[in-house]
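Breakdown of the fold
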Amino acid sequence: CSSKPPLLPESMQAQRPVYDLNDWILEGRMSLRLEDRSDSVSIHWQQKQRDYEINVSAGPFNQSVARLEGRPGFVEMQVAGEETLYTARSPEALMNAMLGWSLPVSHGIYWVKGIPDPNVIFETHESERGFSFAQSGWKIDASRFEQVNPNLLLPRRIRMEREGLTITLIVSQWRL
Amino acid sequence: NALDQLASLLTGYERFSARFEQFSSGEQGTRGEVTSGYLAVSRPDKFVWNTETPFPQEIVSDGEYIWIYDTDLEQATRKSADQNTESAPALILNGRIHELDRMYEVTLLQRSVDMEVFELIPKIPQEAMFSRIRLLFKDAVLSEFLLDDTLGQRSTIMLSEVQLNPELDESIFSFTPPDDIDVLYESDR
């Protein structure tokens, strides 16, 4: 995606600090629901500029399920119980192949902060609980916004829905 | 040998309860958060693992099904119990020494008057979810688990207020989901 500063529509100007925030760690719980199947996992997501590291773990003993490291255009993934290190251009394709579900990581870098990806068209929707919008076939609802620091308002609950797959992320800690 | 000593420490009681504190750490040191809560086991296959902080989550098994209820996620999922009973920590908590012996090489790393440290290494590493497990017993009571998984993450679980054969209300091992949440009954995979 382009590196020029995103052209923010008028309504998003207030969120400028959130757009500029690209050094963060998110700790949270995430549920993935596909028809009658559902899993809940713990997520540790570290973003440093355009590089990310995502650890997915599950179960009472917080066992690692998968680990992804990457940046736009390249991702490496390790899956618990397998020696091989998988690489691909996009995390979505790799996760789908390996885990049967995928986190929309490329857009998710923005969505988890409760903002649309500025490089792709989006439509905002009415939402009394928070802020919701549609983008790339996904419907995103961000809510439970909290002042993480004087000029940063970040959500604690993000729901992402697309064709039968519902991902709900509850952020227990933002570390900036 | 080490297995018999571990067996003597892990068998001989039917029920077990404790408070736990757990944190995960990777190569670069502590990474995850510290979670804390309460666990109870009623052998052979009932258990409760309730995380209280930072996020409330209840994992309850009556031996037939396992319920996972995430309060914040407003979702409860019921899965069949037999998928998870083979995990090493479950075998340890349930004192199923034969299965443990089949899957792990047990060695006694350290021993002193009031403390033993056992190490479990998988006999078939490719199949194991953990590359190494350590168990610390203080005064013959399990007080710490160290679980190194195959992706280089270590989960440390510290137990306190451990009780062997406590009086337990059996109803804690059955779960009925609250009515205003998503409830999912997962068919066997």
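As a reminder, the structure under discussion sits directly above these lines.
All values derive from a computational prediction rather than experimental measurement.

Glancing now at the overall build of chain B. Secondary structure summary: chain B contains three helices and 12 strands in total. The C-alpha atoms of chain B give 17 Å as radius of gyration, which agrees with the globular expectation for 189 residues (16 Å, within 12%). The long-range share in chain B, meaning contacts at least 24 apart out of those at least 6 apart in sequence, stands at 44%. Looking at chain B, you have 16 positive and 35 negative side-chain charges, and the mean spots of the two groups are 6 Å apart.

With that out of the way, let us pick up the side chain of Gln 135 of chain A. Residues and elements named next belong to chain A. For Gln 135, the position within the fold is in strand β8 (residues 130-135). For Gln 135, a relative accessible area of 2% translates into the label buried. A polar contact of 2.8 Å, which involves the side chain of Gln 135, links it to the side chain of Trp 111. Only 2.8 Å separates the side chain of Gln 135 from the backbone oxygen of Val 120, close enough to count as a polar contact. Excluding residues within four positions of it along the chain, Gln 135 makes contact with Trp 111, Pro 116, Asp 117, Val 120, Ile 121 and Phe 122.

What follows deals with the sheet that holds strand β9 (residues 138-149) of chain A. Residues and elements named next belong to chain A. Spatially, the 11 strands line up as an open sheet ordered β6-β5-β4-β3-β2-β1-β11-β10-β9-β8-β7, and their pairing is antiparallel. Among the strands making up the open sheet, the edge pair consists of β6 (85-88) and β7 (123-125). For this sheet the average axis-to-axis angle between neighbouring strands, irrespective of direction, equals 25 degrees. As paired strands, strand β2 (residues 37-48) and strand β3 (residues 51-58) are joined by seven bridges and run antiparallel to one another. Bridging across to β3, Ser 42 finds its partner in Ser 57. Against the sheet, helix α2 (residues 91-99) touches β3, β4 (63-71), β5 (74-79) and β6, its axis set at about 20 degrees to β5.

As a further point, take empty space enclosed by the protein. Scanning the entire structure with this criterion turns up one cavity of 30 Å³ or more. The volume enclosed by the largest cavity comes to roughly 40 Å³. Around the largest cavity sit Ser 38, Asp 39 and Ser 40 of chain A together with Ile 68, Asp 70, Gln 75, Thr 77 and Lys 79 of chain B, which together line it. The set of elements that each furnish at least two residues to the lining of the largest cavity consists of β2 of chain A together with β5 (65-70) and β6 (75-80) of chain B. When grouped by side-chain class, the residues that make up the lining of the largest cavity number one nonpolar, four polar and three charged.

Residue and element names in this part refer to chain B. For the structure on display, the rule yields 22 salt bridges over all chains. For the salt bridge of Glu 186 with Lys 79, the shortest nitrogen-to-oxygen distance reads 3.5 Å. Here Glu 186, found in the segment after β12 (182-185), pairs with Lys 79, found in strand β6; they are 107 residues apart in sequence, far enough to count as distant. Taken individually, Glu 186 and Lys 79 each receive the classification buried, so the pair is uniform in this respect. Measuring nitrogen to oxygen at the nearest pair gives 3.5 Å for the salt bridge that ties Lys 123 to Asp 101. Of this pair, Lys 123 sits in the loop between β8 (115-122) and β9 (130-138) while Asp 101 sits in helix α3 (residues 97-103); the two residues are 22 residues apart in sequence, bridging distant segments of the chain. With relative accessibility at 31%, the residue Asp 101 sits in the partly exposed group. Through salt bridges with shared partners, a single network forms among Glu 119, Arg 132, Arg 134, Asp 148 and Arg 154.

What counts, and at which threshold
Per chain, residues are indexed from 1 in the order of the written sequence. Chains and ligands are labelled by the order in which they are written, letters from A for the one and numbers from 1 for the other. With the structure being a predicted model, the display of local features is reserved for residues of pLDDT at least 70 and the display and counting of side-chain atom pairs for 80 or more, all residues being used for whole-chain, interface and lining totals. Excluded from the side-chain calculations are hydrogens and water; all other atoms, namely the structure's heavy atoms, are used. A run of H or I in DSSP becomes a helix once it reaches four residues, and a run of E becomes a strand once it reaches two; helices and strands are each numbered from the N terminus. With the radius of gyration taken over C-alpha atoms, the globule rule is written as 2.2 Å times the number of residues to the power 0.38. Residues are treated as being in contact if the distance between any of their heavy atoms lies within 4.5 Å. Positive charge is attributed to Lys and Arg, negative charge to Asp and Glu, and no charge count is given to His or to the chain ends. For this purpose, a charge sits on NZ of Lys, CZ of Arg, CG of Asp or CD of Glu. The cut-offs for exposure are 20% and 50% of the maximum accessible area for each residue type, with area from a 1.4 Å probe on protein chains only; residues under the lower value are buried, those over the upper are exposed, and the others partly exposed. What qualifies as a polar contact is a pair of N or O atoms within 3.5 Å, subject to a donor-acceptor requirement within protein and to the restriction that residues adjacent in sequence count only when both atoms come from side chains. In this description, strands pair whenever DSSP reports at least two bridges between them. Angles shown run from 0 to 180 degrees and are taken between the N-to-C directions of axes, each axis being a line fitted to C-alpha atoms and, for helices, limited to the stretch in contact. Only protein atoms enter the 1 Å grid used here, on which a cavity is any set of points holding a 1.4 Å probe that cannot leave and a pocket is any open set flanked by protein within 12 Å on both sides along at least five of seven lines; residues with an atom within 4 Å of a point are listed as lining. Grid points are joined across faces, edges and corners, and a volume is the space filled by probe spheres set on the points. Asp, Glu, Lys and Arg are counted as charged, while Ala, Val, Leu, Ile, Met, Phe, Trp, Tyr, Cys and Pro are counted as nonpolar; the rest, among them Gly, fall into the polar class. Within this document, salt bridges are pairs made up of a side-chain nitrogen of Lys or Arg and a carboxyl oxygen of Asp or Glu, the two lying within 4 Å of each other.

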